[in-house]
Amino acid sequence: YIGSASQQDGNLLLGGLQDNYSIQFTGTNYWNVVLGGDGSFNAIDPTDDQRQYASYQYLNVFRTINNWSNSVQIYNHASTPDLYNNTAFIAPFILCPSNTQVLYAATEEMLRSNNGGGNWFSTSGNVISALGEPVISIGVSATNVDSVFASTAPSDTQHNHLWRSIDGGQNF
């Protein structure tokens, strides 16, 4: 699904592979598994290669600060295959390049962390998914952490939508 490349080392890559984990390339002949599940969104801190993020289905996000020697789950989203889930199967999160302490993620609402995933808060309630469409992609400005975009998936009754905020997700 999603790949990330180091800004400092051309031999450091992360990849999220459905049914095949989140994996890391370090320049050898083999990719290393760093996280189980259906690998999805991931990120490498552009200022510190040791700080990386990986996730699996329904927005379960992990962070390492030592190149996967160990990791901690920074966002946990419960899900069930038989009931309604308020997030996309491959739910997005993004690391802001201009301030790597800021991350955005989306369930039925836009979430933000200002401390590297230590704490999360809703930026604007569920205004984005009020039409019943899950957020499937997030973009953020390379120079302004408050300029954020979110796109939603189409449904049987709705077209996809692109939402823009210039105030950190408080208003879309």
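The structure under discussion appears in the preceding block.
K.L.:
I'm lost on the overall build of the chain in this one. Help?
P.N.:
Within the chain, the secondary structure is distributed over 0 helices and 15 strands. For the chain, the C-alpha radius of gyration of 16 Å lies close to 16 Å, the compact-globule estimate for 172 residues. Within the chain, the fraction of its 172 residues that count as buried is 47%. Long-range pairs, those at least 24 residues apart, make up 38% of the contacts in the chain with a sequence separation of at least 6. Of the roughly 8500 Å² of accessible surface on the chain, a fraction of 46% belongs to carbon and sulfur atoms.

K.L.:
It is not clear to me how the environment of Gly 10 should be interpreted in this structure. Could you clarify?
P.N.:
Position of Gly 10 relative to the elements: it lies in the loop between strand 1 (2-5) and strand 2 (13-16). For the pair Gly 10 and Phe 25, spaced 15 residues apart in the sequence, the C-alpha separation amounts to 9.9 Å.

K.L.:
I tried to follow the sheet that holds strand 6 (residues 52-56) on my own but got confused; where do I start?
P.N.:
Two pairing modes exist for strands in a sheet, parallel and antiparallel, and in both the strands are linked by backbone hydrogen bonds. With antiparallel pairing, the 4 strands of this open sheet are ordered in space as 5-6-7-8. Both edges of this open sheet fall to strand 5 (42-44) and strand 8 (72-75), since each of them pairs with a single strand only. With strand direction ignored, the average angle separating the axes of adjacent strands in the sheet is 25 degrees. Across 3 bridges, strand 5 lies against strand 6 in antiparallel orientation.

K.L.:
How should I be thinking about the sheet that holds strand 13 (residues 135-140) in this particular structure?
P.N.:
The strand order across the open sheet built from 3 strands is 13-14-15, with neighbouring strands paired in antiparallel fashion. Each edge of the open sheet carries a strand with a single partner, namely strand 13 and strand 15 (162-165). Sheet twist, expressed as the average angle between the axes of neighbouring strands with direction ignored, equals 20 degrees. Examined bridge by bridge, strand 14 (residues 148-152) and strand 15 share 4 bridges and lie antiparallel to one another. Bridge assignment links Val 148 to a residue of strand 15, and that residue is Ser 165.

Conventions used here
Residues numbered from 1 in each chain as written. Predicted model: local features only at pLDDT ≥ 70, side-chain atom pairs only at ≥ 80, totals over all residues. Heavy atoms only, no water. Helix = DSSP H or I, 4+ residues; strand = E, 2+ residues; numbered from the N terminus. Rg over C-alpha atoms; globule rule 2.2 N^0.38 Å. Buried < 20%, exposed > 50% of the residue type's maximum accessible area, 1.4 Å probe, protein only. Contact = heavy atoms within 4.5 Å. Areas by Shrake-Rupley, 256 points an atom, 1.4 Å probe, with all protein chains shown as cover. Pairing = 2+ DSSP bridges. Axes fitted to C-alpha atoms, helices over the stretch in contact; angles between N-to-C directions.

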